[in-house]
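# Examination of the molecular architecture
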Amino acid sequence: MTLKEALWTSLASMVTGILLGSFTLLPSPINAVVSLLGIILVIWFFKKFDKKSVRISFIVFTVLYFILFIFILSAYIFMTNPPEGLS
């Protein structure tokens, strides 16, 4: 994997992971737009890079960024608005 491929993979997987996390949290009409943006980004990435290793790393890092985004957002919401018994 070249440096250019690694940087594009990193950037595209980060944006796709954030879009995927936003899809799970946003209400119905908005999450359809976010879903379409994510699909367009994935199709663009898969057309641009043909190597199997780059595609696999894109999928793995997308899932990792999705989990990281959900965890950070959940921690932020918990810290700014704690439950009744913990405040």
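If you're wondering where the values come from, they're calculated on a predicted model, not measured in any experiment.

## Comments concerning the overall build of the protein chain
- On a plain count of helices and strands, the protein chain comes out with three helices and zero strands.
- Along its sequence from the N terminus, the protein chain presents helices and strands in the succession α-α-α.
- What you see for the protein chain is a C-alpha radius of gyration of 16 Å, clearly larger than the 12 Å of a compact globule of 87 residues, by over 25%.
- Its C-alpha atoms give the protein chain principal-axis dimensions of roughly 50 × 30 × 15 Å.
- Split into buried and exposed, the 87 residues of the protein chain put 22% on the buried side.
- Of all intrachain contacts in the protein chain linking residues separated by at least 6 positions in sequence, the fraction that spans at least 24 positions is 73%.
- Roughly 6,300 Å² of accessible area belongs to the protein chain as shown, and the carbon and sulfur atoms make up 76% of that amount.

## Side note on the UniProt feature "transmembrane region" (unreviewed entry) in the protein chain
- Per the UniProt record, the feature "transmembrane region" (unreviewed entry) sits at residues 30-46 and 58-79.
- Here residues 30-46 runs as 100% helix and 0% strand, with 25 Å between its end C-alpha atoms.

## Side note on the packing of aromatic side chains
- Here the structure, examined in full by the defined rule, presents five aromatic pairs.
- Measuring from ring centre to ring centre gives 4.8 Å for Phe45 and Phe49, while their planes differ by 45°; the resulting arrangement is tilted.
- Assessed through its relative accessible area of 0%, Phe45 is described here as buried.
- With centroids separated by 4.3 Å and ring planes inclined at 20°, the aromatic side chains of Phe45 and Phe58 adopt a geometry described as stacked. Of this pair, Phe45 sits in helix 2 (residues 28-48) while Phe58 is found in helix 3 (residues 52-80), placing the two residues 13 residues apart along the sequence.
- Within the aromatic cluster, the residues linked to one another by ring pairs are Phe45, Phe46, Phe49 and Phe58.
- The ring of Trp8 carries Lys48 above its face, with NZ or CZ at 5.7 Å from the centroid.

## Points about a nonpolar patch on the surface
- A contiguous nonpolar patch, built from Trp8, Leu11, Val15 and Trp44 and spanning about 350 Å² of accessible area, is present on the exposed surface.
- If you tally residues by element for the nonpolar patch, the top one is helix 1 (residues 3-25), at three residues.
- Residue position: Trp44 is located in helix 2.

Rules of the game
- Positions within a chain are numbered from 1, following the residues in the order the chain's sequence is written.
- In keeping with the predicted nature of the model, local features appear solely for residues at pLDDT of at least 70, side-chain atom pairs appear and are counted solely at 80 or more, and the whole-chain, interface and lining totals rest on all residues.
- With hydrogens and water set aside, each side-chain value is computed from the structure's full complement of heavy atoms.
- Secondary structure is summarised from DSSP: a helix means a run of H or I of at least four residues, a strand means a run of E of at least two, and numbering begins at the N terminus for each.
- Put simply, the radius of gyration uses C-alpha atoms, and a globule should come to 2.2 Å times the residue count raised to 0.38.
- In this scheme, a residue with accessible area under 20% of its type's maximum is buried, one over 50% is exposed, and one in between is partly exposed, where area comes from a 1.4 Å probe on protein chains only.
- We call two residues in contact whenever any of their non-hydrogen atoms come within 4.5 Å of each other.
- For the accessible areas, the method is Shrake-Rupley and the probe is 1.4 Å, while residue cover comes only from the protein chains on display.
- UniProt positions are given in the numbering used here, feature names are shortened, and annotations may be inferred rather than shown by experiment.
- The rule is short: rings of Phe, Tyr and Trp, with Trp giving its six-membered ring, pair when the centres are within 6.5 Å, and they are stacked under 30 degrees, edge-to-face over 60, tilted in between.
- Over a ring means this: the NZ of a Lys or the CZ of an Arg is within 6 Å of the ring centre and within 35 degrees of the ring normal.
- Patches here are clusters of residues that have more than 30% relative accessible area and form no salt bridge, with a 9 Å joining cutoff for like charges and a 5 Å cutoff for nonpolar side chains (Val, Leu, Ile, Met, Phe, Trp, Tyr).
- Each reported salt bridge corresponds to a side-chain nitrogen of Lys or Arg within 4 Å of a carboxyl oxygen of Asp or Glu.

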